Amino acid sequence: MAMTDATPTPTQQITVAIVGAGPIGLELAVVLKQMGVDYVHLDAGQIAQTISWYPRQARFFSSPERIAIAGVPLTTPDQTKATREQYLAYLRGVAQQFDLHVNTYERVTAIDRDAHGFTLRTTRRDGEHTYHARHVVLAVGDMHEPRTLGLPGEELDHVSHYFEDPHRYFNQRLLIVGGRNSAVEAALRCHHAGAHVTVSYRRARFDAKSIKYWLLPEINALIKHGKIGFHPETCVQRITPTEVVLSPAESALAGGPTRIRADFVLLLTGYVMNPALFQMAGVALDGENRSPKHNPATMETNVPGLYVAGTAAAGTQRHFKLFIENCHPHVAKIAQAITGQRPPMHLINQAAKQFDLPES
């Protein structure tokens, strides 16, 4: 896969600048390339950067055929849902198969609109660069940084917002804060790796709608039999090097502070989107999620010529509605809006074919 040396020169006018090289950004790049559209593809990290910091061996909620891209089948050795490692290898393979040129580790620092389109300024190891594009597509995802709690002790070395490998917590007292899928999965995997796990959750019980269906019965059974500690309707008050102080959540009827001994703390309370690129381009952000204002028929934002693709269209999601699997239609809509031609649908996931596109 060619990298920065194959991109247009900084002074060259290009048709499209794609920012973000996750699954939807890559799928759009394949479609535009096959349609003969000149583009530059930029990402501040590696391709699929967000997926790369998923826990090791974590499995996707979606079945393989729904997260496959560009008409390339995704198969797993055991015909089950793909792991993080399998999906990353698959995406690398797609990039190689279509010879996609992605400028990885090149961060966009400014987007300015003028009468001819957009000027993008970037930084990478060899310095600053400038690109001119008639259209910009922001496919930057919706999970850029953890949702911090602003608690005393949150910055301590044994506290983390990211779950990587359960081996780290073998024979350690681990407090996990959170009750959605990532927290439940971490609790189960760390328990099976020999950690002494306790979970603090602000609600009285886990919500089946936000947890993989095969995890919920197991976590409930382990809690019932005392194998995993559970403190429902609690919130973290402060963290010290040796313990965590929990206070009753607003929903709790009564109770005082509870002290939990902990060698490690995982604050798995979700992630937020960084809207900086949308803001610098003048895109309006709506509602509690601060989702980019856009036309759902074309994915064009309130800034003419600037489009949003993928989960970024939903802003910071608290109740998830956009996933990889239902963002494939964005690719078809954007490609047609930019080119005025119907895109090659065989290069777009089957999920997009249920959406009718206007005739060009």
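Keep in mind that this is a model prediction, so the values were computed, not measured.

Novice: Even after reading the chapter, I still don't get the packing of helix H5 (residues 181-192) against helix H6 (residues 216-224), so can you show me in this structure?
Specialist: Think of two packed helices as two axes; the pair is described by the angle between the axes and how far apart they sit. Viewed as axis vectors pointing N to C, H5 and H6 meet at an angle of 60°, and their least axial separation amounts to 10 Å. Relative to H6, the element H5 lies oblique. Viewed along their axes, H5 and H6 form a crossing whose handedness is left-handed. For the pair H5 and H6, contact is made by Val184, Ala187, Leu188, His191 and His192 and by Glu218, Ile219 and Leu222, respectively. Looking at the contact of H5 with H6, its residues break down into five nonpolar, two polar and one charged.

Novice: So what exactly am I meant to see when it comes to the sheet that holds strand S13 (residues 258-261) here?
Specialist: Through backbone hydrogen bonds, the strands of a sheet pair up, either in parallel or in antiparallel fashion. What the three strands build is an open sheet, ordered S11-S12-S13; its pairing is antiparallel. What marks the edges here is a single partner per strand, and that holds for strand S11 (234-239) and S13. Across the sheet, the axes of successive neighbouring strands diverge by a mean angle of 35°, strand direction being ignored. As paired elements, strand S12 (residues 243-248) and S13 share four bridges and run antiparallel to each other. Residue pairing in the sheet places Leu246 in a bridge with Thr258 of S13.

Novice: Could you clarify how one ought to interpret the packing of aromatic side chains in this entry?
Specialist: To describe a pair of aromatic rings, one takes the distance between the centres and the angle between the planes. Under the criterion given, the structure shown has 12 aromatic pairs. Ring geometry for Tyr169 and Phe264: centres 5.3 Å apart, planes at 80°, overall edge-to-face. Taken together, the residues span a long stretch of sequence, with Tyr169 in the loop between strand S7 (159-160) and strand S8 (173-177) and Phe264 in strand S14 (residues 264-267) at a distance of 95 residues. The exposure class of Tyr169 is buried, given its relative accessible area of 2%. With centroids separated by 5.1 Å and ring planes inclined at 35°, the aromatic side chains of Phe206 and Phe230 adopt a geometry described as tilted. Placement of Phe206 in the loop between strand S9 (196-201) and H6 and of Phe230 in strand S10 (residues 229-232) is noted, with a sequence separation of 24 residues between them. Under the relative-accessibility criterion, Phe206 is labelled buried at 10%. A relative accessible area of 21% means that Phe230 is categorised as partly exposed. The ring of Tyr105 has Arg125 lying over it, and the distance from NZ or CZ to the ring centre is 5.3 Å.

Basis of the calculations
Residues numbered from 1 in each chain as written. Predicted model: local features only at pLDDT ≥ 70, side-chain atom pairs only at ≥ 80, totals over all residues. Heavy atoms only, no water. Axes fitted to C-alpha atoms, helices over the stretch in contact; angles between N-to-C directions. Helix = DSSP H or I, 4+ residues; strand = E, 2+ residues; numbered from the N terminus. Parallel < 35°, antiparallel > 145°, perpendicular 65-115°, else oblique. Left-handed = near helix turned anticlockwise from the far one by under 90°. Contact = heavy atoms within 4.5 Å. Nonpolar A, V, L, I, M, F, W, Y, C, P; charged D, E, K, R; others polar. Pairing = 2+ DSSP bridges. Phe/Tyr/Trp six-rings, centres within 6.5 Å; stacked < 30°, edge-to-face > 60°. Buried < 20%, exposed > 50% of the residue type's maximum accessible area, 1.4 Å probe, protein only. Lys NZ or Arg CZ within 6 Å of the ring centre and 35° of its normal.

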